[in-house]
Amino acid sequence: MSLAEQLDTVTDEAAGTVDRHATTQTFESTDPATGAVVGVFPVHDAAAVGETVERARTASRAWSDLGYDGRRQRLSAYRGYLARRMHELADLVHRENGKPHADAILEITLAIDHLAWAGAHARRTLGPRKVSAGLLAANHAAYLEYQPLGVIGVIGPWNYPVFTPMGSIAYALAAGNTVVVKPSEFTPAIGAWLAAAWRAAVPDAPDALQVVTGFGDTGAALCRAGVDKVAFTGSAPTGKKVMAACAENLVPVLMELGGKDAMIVDDDADVAAAADAAVWGAMSNAGQTCIGIERVYATSAVYDRFVAEVTAQVRALRPGSDDEATYGPMTMPSQIDVVRRHVSEATAAGARAVTGGTDDDAFPAEGYVRPTVLLDVPDDAAAIREETFGPTLTITEVRDAEEALERTNATSYGLAGAVYTKSKARGLDLARRMRSGMTSVNSVLTFASVPALPFGGVGDSGFGRIHGEDGLKEFTRAKAITRQRVPLPVNLMSFGRPAKAADALARVMGLVHGRHR
Ligand code: NDP
């Protein structure tokens, strides 16, 4: 099926959902490069969202009963379907989000890898196991297992519209939950495509993965629709609203929020490699990457060389929508104002823009921002403190790596970061002390492509983890069971225990633990 036919199907199916819920309101998603309409989608209201969650609830029993092998087989069918249609999906991502086709392929590749890992590791991570019953319950067997929660609501952003929701979807499904996804209003076609692909690839469990579309109100309705957990990825301000809505019914939340990630370039770093990684980390996807590099702290020993390398490299970048463009337009038009404000405030406060800046040259055509590198930005400027989410980079000279670490950590965010040094010990030490959920040494963003590693932040970057064993457990509740194997002659948890039993217990505890000081 061609992309056009596929989209028609997606739009028709979404429209079918409208009819089913007697909703008449629709909205358009558009290509950020051309303004052309990509698709028309229903605005699901609270009743429609409630019905979708109800279908997911009905489906959850059968999905859970499939067991680990049954779910793994269906997740494999889904990833096979995505892999066979990668170019088709990448074309849609290019059209609706604006990123280059090749970057979309990379994003889809990561999502497929996570689907494979989650399906393959769910049983070992979550399945029933015996644990030691310990001294006090030595006559019992103790069992632990991680049971699915039921229905998971996934609310996603527009910047990585496949990879980001899939970080929750894959792990929630593998753990035995069904899922209702609310994609961003800027990327509903991609969300609808993913749900239609599920129905095609897994026809015997079509309601295990469903989509609802609309604006913030639809997301808020999902929080209140009786889901068992909400996995939210987006900005910190919206995350607070989601938490408040979920708190009404004590619905637990997973928060994957924004960042202000930094790279530390130490004295002994491979400067050319660090510059290459900083430019990619800052500018790819037009800088609209939660784990993108927004700040660099380079030691005096390497600062001049680093700035020269970065300057030379960014001059070769060209935003656009054609096949040769290095990155695309800003997906969300209002983000351009944020970028412009951060850059103009910084330059007004004395920062130097070595490339880009605030003049018209930096904003060459509607929707695009040229790469902007800022030096000498004051610490209290928004470009240092707030998430810019555009193709910008600040570079700050520091005395040494310790000062770099201190300034890296002086932010309310704590999502990820990078360290460049040739010393393994130094690199790992700096990585451990970086106040962030993830750090890569001598590369950028690599942790996102390691399915076994958890993904998530600290502070204003959120809490909870997707990916890896932690990501599977995030969508479960731990269940503890004991089974008495043999009764003891003296049962301490009985009113029938002998009067001296407590004294005997105190003596034993004294012998076992009393020698520790
Ligand atoms: P937003 O916070 O604006 O929106 C995220 C999602 O929440 C969208 O689907 C949005 O719907 C929905 N939403 C909006 N209002 C509400 C509400 N009141 N209740 C429930 N849902 C609501 O983020 P963006 O889409 O602009 O994404 C960019 C942000 O996401 C950046 O801060 C980025 O750092 C962060 N991000 C974090 C990642 C991580 O893993 N930590 C990964 C990727 C991005 P609608 O679009 O229709 O308004």
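These numbers come from a predicted model, not from an experiment. (Residues numbered from 1 in each chain as written. Predicted model: local features only at pLDDT ≥ 70, side-chain atom pairs only at ≥ 80, totals over all residues. Heavy atoms only, no water.)

**Examining the packing of aromatic side chains**
Move 1: Considering all chains together, one arrives at 9 aromatic pairs under this definition.
Move 2: Seen in terms of ring centroids, W63 and W198 are 5.6 Å apart; in terms of plane orientation they differ by 70°. Their pairing is edge-to-face. On the criterion of sequence distance, the pair formed by W63 in helix α2 (residues 46-65) and W198 in helix α7 (residues 188-201) is long-range, its members being 135 residues apart.
Move 3: Taking relative accessible area as the criterion, W63 reaches 1% and is therefore assigned buried.
Move 4: According to the relative accessible area criterion, W198 is buried, its value standing at 0%.
Move 5: Taking the centre distance of 6.3 Å and the plane angle of 55° together, the rings of Y81 and W193 count as tilted. Here the residue Y81 occupies a position in helix α3 (residues 67-84), and W193 occupies one in helix α7, the gap between them amounting to 112 residues.
Move 6: The structure contains a cluster of three or more aromatic residues connected by ring pairs, namely F27, F41 and F215.
Move 7: Across from the ring centre of Y68, 5.0 Å away, lies the NZ or CZ of R71, which sits over that ring. (Phe/Tyr/Trp six-rings, centres within 6.5 Å; stacked < 30°, edge-to-face > 60°. Helix = DSSP H or I, 4+ residues; strand = E, 2+ residues; numbered from the N terminus. Buried < 20%, exposed > 50% of the residue type's maximum accessible area, 1.4 Å probe, protein only. Lys NZ or Arg CZ within 6 Å of the ring centre and 35° of its normal.)

**Observations regarding the UniProt feature "active site" (unreviewed entry) in the protein chain**
Move 1: Summarizing the sequence annotation, UniProt attributes the feature "active site" (unreviewed entry) to E256 in the numbering used throughout.
Move 2: By the secondary structure assignment, E256 is in strand β9 (residues 253-256).
Move 3: When sequence neighbours within four positions are dropped, the list of residues in contact with E256 reads F232, T233, G234, F455, G456, G457, S461, G464, R465 and I466. (UniProt positions renumbered as here; feature names shortened; annotations may be inferred. Contact = heavy atoms within 4.5 Å.)

**Overview of the packing of α2 against α3**
Move 1: Where α2 meets α3, the axes come as close as 7 Å, and the angle between the chain directions of the two elements is 105°. With respect to their mutual orientation, α2 and α3 come out roughly perpendicular. Along its contact with α2, which presents W63, S64 and D65, the element α3 presents G67, R71 and R74.
Move 2: Each residue belonging to the contact of α2 with α3 can be placed in one class, and the counts come to 1 nonpolar, 2 polar and 3 charged. (Axes fitted to C-alpha atoms, helices over the stretch in contact; angles between N-to-C directions. Parallel < 35°, antiparallel > 145°, perpendicular 65-115°, else oblique. Nonpolar A, V, L, I, M, F, W, Y, C, P; charged D, E, K, R; others polar.)

**Brief notes about the sheet that holds β9**
Move 1: The mixed open sheet is built from 6 strands, whose spatial order is β7-β6-β5-β8-β9-β17. The open sheet terminates on both sides in strands that have one partner only, identified here as β7 (209-211) and β17 (462-463).
Move 2: Bridging between strand β6 (residues 178-182) and β7 involves 3 bridges; their strand directions are parallel. When the sheet's bridge partners are listed, V179 is paired in β7 with L209.
Move 3: The sheet contacts of helix α8 (residues 216-223) involve β5 (151-155), β6 and β8 (229-233), and relative to β5 the element is tilted by about 155°. (Pairing = 2+ DSSP bridges.)

**Points about the layout of surface pockets**
Move 1: For the second largest pocket, the calculated volume is near 570 Å³.
Move 2: L136, L488, V490, N491 and L492 are, among the 19 residues lining the second largest pocket, the residues nearest its centre.
Move 3: The element best represented in the lining of the second largest pocket is helix α17 (residues 501-513), accounting for 4 residues.
Move 4: Residues that form the lining of the second largest pocket fall into these classes: 15 nonpolar, 4 polar and no charged. (1 Å grid on protein atoms, 1.4 Å probe; cavity = no way out; pocket = protein on both sides within 12 Å on 5 of 7 lines; lining within 4 Å. Points joined across faces, edges and corners; volume = space filled by probe spheres on them.)

**Description of the environment of T238**
Move 1: Tracing the chain through its elements places T238 in helix α9 (residues 236-247).
Move 2: Judged by its relative accessible area of 33%, T238 is partly exposed.
Move 3: For the pair T238 and D267, spaced 29 residues apart in sequence, the C-alpha separation works out to 40 Å.

**Let's talk about empty space enclosed by the protein**
Move 1: Scanning the entire structure with this criterion turns up 3 cavities of 30 Å³ or more.
Move 2: Quantified by volume, the largest cavity comes out at close to 100 Å³.
Move 3: In terms of lining, the largest cavity is formed by 15 residues, of which the most central are I169, V181, P183, G191 and L194.
Move 4: Every element with two or more residues in the lining of the largest cavity is listed here: α6 (163-174), α7 and β7.
Move 5: For the lining of the largest cavity, the element with the highest residue contribution is α7, accounting for 4 residues.
Move 6: Of the residues belonging to the lining of the largest cavity, the class tally is 11 nonpolar, 4 polar and no charged.

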